[in-house]
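Each chain is listed here by its residues.
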Amino acid sequence: MQNRPEKLINDGIRLDGRGPDEIRPIKIEAGVLNRADGSCYIEWGGNKVLAAVYGPREAHPRHLQDSRKAIIKYRYNMASFSVEDRKRPGPDRRSVEISKVSRDALAPVLMLEYFPRSSIDIFVEILQADAGTRTTGITAASVALADAGIPMKNLVSAISVGKADGEVILDLIREEDNYGEADMPVAMITETGDITLLQMDGRITGEEFIKALNFAKKGCESVYKLQRRSLIEKYEKSCSD
Amino acid sequence: MSEDILSEVRRDYIYRLIKNGDRIGGRKADEYRDVSVEKGIIVRAEGSARVKIGNTDVLAGIKAQIGEPFLDTPDKGVIITNAELVPLASPSFEAGPPDENGVELARVVDKGIRGSHAIELEKLCLDAGSKVWIIFIDIHILDHDGNLIDASALASMAALTNTTLPYIRYEVGEEDEALLIKDTPIATTCADIGGEIVFDPCLDEENASNIELTVTTNANGDISGIQKRGTGKIPFEDISQIVDSSRRLAGELRKKL
């Protein structure tokens, strides 16, 4: 692994030239896979993430079925080549936890009671990682769910905030994540401001926490616009074909 | 099936109680059950503590070993946290490798301690690149009546403050030394039940809720870990008040260490 850069933030300018509350370039495309019922591809800074949705379909094994509503399965999976040191394939403790909190982050917007005994399966593949993969994954999964036509109350947008070199920053890159003081992934229903995922790793003061939360809200507003646009673009394209 | 119906009735009861400003056991919304901390009860362990919060019963044991550091942190010791939801604690726990709840529990406790820098990992280094202390925090859930995270985090912290590193046994020093603890991160958990926030939810209350928020705070008020759990959502404006309450309640729990 490379060494820690001497400074992560120089006069308010970050290693990649951004200010504290700026986000990286994001490109979202809906409906990129043929077999899946819904899908989405995102390039977010150095992250490349694919999400696919299957279902609602019969839940297997049967003992998992809920007679009142659909269950959600969420699999966050990092490709072995997505990070500098090869990641051993298969689930580890980190990905088990991320899958759980991501599933719970999307649950509030899904109208699960329409599909008793069925399962909505969400698969997120991290092809290239550069910090913020779980929030990129949730953002992609949300678009893929809408693309699959699953009834939803709203979209969920996600972004990470944190602290590096003593400053609260939005949308961390890898160096800031590795050498910074704190990392806080947030997912929210942007239109209502309700928070559906909140985790914090590291150490911050109460004041910094509030500032970070407000940065996250601002970030989610930008992400939300891009999510919406990706869905509209897909249908515009299919109309003109 | 009858269990489902029973739990539905129970959920309704809890919900109505809380809506009326009441709670099982007559507790206030921000009141913990009785908390007891008993340290040093396992003599074979380097440190140990048993914590009871109401009927929830958790035992944490610390073992230390000499091992190799991680490649990317050659001059730092290692902390490994593991939680076992052993089947004797609840009819819903099964033997076998930890499921996602066990993994999450261990990781939330681990991150709270790690984030606070309560243990200086550099001080656990014996020979950079080859020999460091590896501290295992093992959490055994003995009886499950809700709020496992707070009990586990408190038991882990109590066990760490009670830990002696066995320098003599590993022949790396003349004298055993107490593990140096620089801060006391405390986890506090609240549940949202029908829009009302209650701290230290018991099992029935957890079953009636679909959101829990765990906030780990330190002696000076800094936050060193947050985890939202459950399928619900939290209004943006509620968060800062929850964090303030967490900090205050953590202050009370810290006195038990």
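Just so it is clear, the structure is predicted and the values come from calculations on it, not from any experiment.

The rules behind the values
- Residue positions are counted from 1 within each chain, in the order its sequence is given.
- As a convention, the first chain written is A and the first ligand written is 1, with the rest following in written order.
- Where local features are concerned, this predicted model is filtered to residues with pLDDT of at least 70; where side-chain atom pairs are given and counted, the filter is 80 or more; whole-chain, interface and lining totals use all residues.
- Each pair of strands is called paired provided DSSP finds at least two bridges between the two strands.
- Helix and strand assignments come from DSSP, with helices taken as H or I runs of at least 4 residues and strands as E runs of at least 2, each series counted from the N terminus.
- Each axis is a line fitted through C-alpha atoms, taken for helices only over the stretch in contact, and angles between the N-to-C directions span 0 to 180 degrees.
- With C-beta atoms placed from the backbone, a contact is any residue pair whose C-beta atoms sit within 7 Å.
- Any nonpolar core is a set of buried residues, restricted to Ala, Val, Leu, Ile, Met, Phe, Trp, Tyr and Cys, that join up through C-beta atoms within 7 Å.
- Exposure classes come from backbone-placed C-beta atoms, where a residue is buried if 20 or more other C-beta atoms lie within 10 Å of its own, exposed if 12 or fewer do, and partly exposed in between.

Caption draft 1: Structural context of the sheet that holds strand 7 (residues 118–128) of chain A. Residues and elements named next belong to chain A. A sheet is described by the order of its strands in space; here five strands give the open sequence 3-4-5-7-6, paired in mixed fashion. Both edges of this open sheet fall to strand 3 (26–30) and strand 6 (71–78), since each of them pairs with a single strand only. Taking each pair of neighbouring strands and ignoring which way they run, the sheet shows an average axis angle of 15°. Bridge count for strand 3 against strand 4 (residues 38–44) is five bridges, and the pairing is antiparallel. Bridged to A30 within strand 4 is C40.

Caption draft 2: Here's a closer look at the sheet that holds strand 11 (residues 194–204) of chain A. Spatial strand order, 9(A)-8(A)-10(A)-11(A)-12(B)-11(B)-9(B)-10(B): eight strands in an open sheet with antiparallel pairing. A single partner strand is all that each edge strand has here, and the edge strands are strand 9 (167–170) of chain A together with strand 10 (196–199) of chain B. Ignoring strand direction, the axes of neighbouring strands in this sheet form an average angle of 20°. Relative to strand 12 (residues 223–229) of chain B, strand 11 (residues 211–217) of chain B is paired through six bridges, and the arrangement is antiparallel. Within strand 12 of chain B, the residue paired with B:T217 across the bridge is B:I223. Of the strands in this sheet, strand 9 (186–193) and strand 11 of chain B touch helix 3 (residues 148–160) of chain B, which is tilted by about 175° from strand 9 of chain B.

Caption draft 3: The nonpolar core, seen in detail. A:A51, A:L106, A:A144, A:V161, A:V186, B:L154 and B:A155 are the most contacted members of the largest nonpolar core, which has 136 residues in total. With ten residues, the top contributor of residues to this core is helix 3 of chain B.

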